[in-house]
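# Descriptive analysis of the structure
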Amino acid sequence: MTDTAKTGIVYRSLVAPLLFFTLISCTPLASDSSLGAAEAESRDTSCSYFYFLWGTREEYYQRYEAALEAYQKALVCDPEAAYVEKKLPILHLKMNSAEKAVNLLLANLKKTPGDSAQRSLLARIYIQQKKEAEAIEQYQKIISDEPENGQALLRMGILLTQTGELERAGDYFNKLLTLNQETYFSRLYLARIADRLGQGSEAEKQYRAALDLNYSADLVYEFAEFLLKQKHYENVIAIMRELLLQDDTDERARFTIVQALLALDREEEAVAELGLAKEVSSNPEKISLLLSRLHMRNGDNGKAIENLKSVLEVKENPEARYLLAALHMEAEQWTDALEMLAAIRPADEEFEDGVVLQTRIYHQISEIEKGLELLISYLEIPETQRELFYILASSLYQENNQPERATEILATGIRKFPESENLLFEYGLQLERTDQLEAAIKAMELIVEINPDHAEALNFIGYSWADTDRHLEKALAYIERAMELTPGNGYIQDSLGWVHFKLGNLEIARDELAAALELVPDDPHIYDHLGDVYRSLDMVDKALEAYRTALQYFKDENKKAAVSKKIETLLAP
């Protein structure tokens, strides 16, 4: 057969269907106006179906504008063509016109309110638009018409779970289970709901039922996380062993077993498990680092060093260097530790921690100047500037009896990082240490402007106001808010007692300070405050007892002298 003959066959195979559609469509191809006339006279289903097929073809090739035009012509030919009306919302979704799709669906549902497929599509669009209440309403209508519609029950349950209506969601999943006990997603979501509601036994039951229906590694890991929270460590080990029977190279299963073994204080078994993992691991370096940390935890520093050196023999690893430096520091091998840390580069994740460790070493060996030199060298280069380095430098200046430099370096850091709560807080404390209380309060007020829930700054301001007998009601509000944010903080509870003392609420002050001592039993300031309260309550013996205890704990000579004077005053005839 010649090429020309072949071409003719192909041409006829493509053209014949189009000719057929043209023949059956009759007049509709003439013009839009003739289509309107045809509609007025009668429904032309042949014409409509022709344009519907034409639109389907254009849609398949993602020519959506042409498809839309064809579907619209199909509706002109037959305004009652429901199959075309159902196509249009989907097409508008493909054209990223969700609102048009919603309007069309709402119009379609007015005509056929029982069309669950259209209603379900509308609900899914509402979910994408974050209109959960509207989506829930649509699913409710479907379920009202079709109480055994499994897809609607499932989607409703999932949606209610996502919106936090857990008990209501559970009702829908349970309804689904009455239709089919082997509905996997019902079991899975019921397990998650029970977990979130603190119903551990029910959650475990549903997880196991879900695993019986559809065993998968991902679900086993989720179940294991749940069991770890429940502290059912033996069960965790058991289900991970089952996974390893299927794939003994599963590192995640090994690590989960290690986690459970460590929780059970079975550290030797954990080390052995990691050893097995290392044999089959695609990343033995990672396993060696984990083993090293575990050896360090067990106090077996020799094995830890051996593992870490083996890692560095293969390739450079900043984490291994950092851990080796920590081990050298513990052994007071200062030079070796500093050499290890010096090799950690600014781009490494361990860089900041490494600089902190170097600073600690220099402080420990009384070479503060070298520590400062190191920190300043990093603070001079934008790429290595860190908020923490300014704070460390300030601390070293303070240790070196250079309070002005300590304040100055923090002020420089704040100019670089004006929104840093940590720098501002340290700056405020430093200003207070150098007898600049008003400036310290202003620094703390800046923190509260940035973060109204900064408990330490609220407490500082509130205590400072109370201690200087001003803004007492506002001071009380600040300290109470700090207590709400950090319950169980003895120092903030001391502030609360102190502000009540200043307000004249002596009984409340006594109770709050007594509670503070239960949390911080060796703080001299709290004993001093309690002594003042007892003295105001005319409970001299208790006041003397509190003052004498404060005297024992105070190290500062000026403060000891102030407490001694209070004792002398009480004992004076």
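These numbers come from a predicted model, not from an experiment. (Residues numbered from 1 in each chain as written. Predicted model: local features only at pLDDT ≥ 70, side-chain atom pairs only at ≥ 80, totals over all residues. Heavy atoms only, no water.)

Under the counting rule described, the total for this entry stands at 19 aromatic pairs. Measuring from ring centre to ring centre gives 5.2 Å for Tyr184 and Phe185, while their planes differ by 65°; the resulting arrangement is edge-to-face. Judged by relative accessible area, Tyr184 falls into the buried class, the value being 16%. Between the aromatic rings of Phe351 and Tyr378, the centroid separation amounts to 5.1 Å while the plane-to-plane angle is 90°, which identifies the pairing as edge-to-face. (Phe/Tyr/Trp six-rings, centres within 6.5 Å; stacked < 30°, edge-to-face > 60°. Buried < 20%, exposed > 50% of the residue type's maximum accessible area, 1.4 Å probe, protein only.)

The next thing to look at is the confidence of the model for the chain. Residue-level pLDDT values for the chain average 91, and 93% of them are 70 or greater. In this model, residues 1-40 is a region of pLDDT below 50 whose contacts with residues beyond four sequence positions or in other chains number 28 contacts. (pLDDT = per-residue confidence, 0-100. Contact = heavy atoms within 4.5 Å.)

Attention now moves to the state of the cysteines. What the rule picks out here adds up to one disulfide. Here Cys47 is linked by a disulfide to Cys77, with a sulfur-sulfur distance of 1.7 Å. One end of the pair, Cys47, is in helix α3 (residues 45-60); the other, Cys77, is in helix α4 (residues 64-77), and 30 residues separate them in sequence. (Disulfide = S-S within 2.5 Å. Helix = DSSP H or I, 4+ residues; strand = E, 2+ residues; numbered from the N terminus.)

The geometry of helix α11 (residues 184-196) relative to helix α13 (residues 217-229) is characterised by a closest axis approach of 12 Å and an angle of 20° between their N-to-C directions. The orientation of α11 relative to α13 falls into the category roughly parallel. Read as a crossing pair, α11 and α13 show a hand that is left-handed. For the pair α11 and α13, contact is made by Tyr184, Leu188, Arg192 and Asp195 and by Leu219, Glu222, Phe226 and Lys229, respectively. Here the residues of the contact of α11 with α13 sort into four nonpolar, no polar and four charged. (Axes fitted to C-alpha atoms, helices over the stretch in contact; angles between N-to-C directions. Parallel < 35°, antiparallel > 145°, perpendicular 65-115°, else oblique. Left-handed = near helix turned anticlockwise from the far one by under 90°. Nonpolar A, V, L, I, M, F, W, Y, C, P; charged D, E, K, R; others polar.)

Counting across every chain of the model gives 34 salt bridges. Put simply, Lys370 and Glu367 hold a salt bridge, and the shortest N to O gap is 3.3 Å. As a salt-bridge pair, Arg470 and Glu438 come within 2.6 Å of each other at their nearest N and O atoms. Separated by 32 residues along the polypeptide, Arg470 in the loop between α27 (455-467) and α28 (472-485) and Glu438 in helix α26 (residues 437-450) bring together distant segments of the chain. Taking the relative accessible area as the measure of exposure, Arg470 reaches 23% and is therefore partly exposed. The network of salt bridges with shared partners includes Asp528, Asp532, Arg535 and Lys566. (Salt bridge = Lys/Arg side-chain N within 4 Å of Asp/Glu carboxyl O.)

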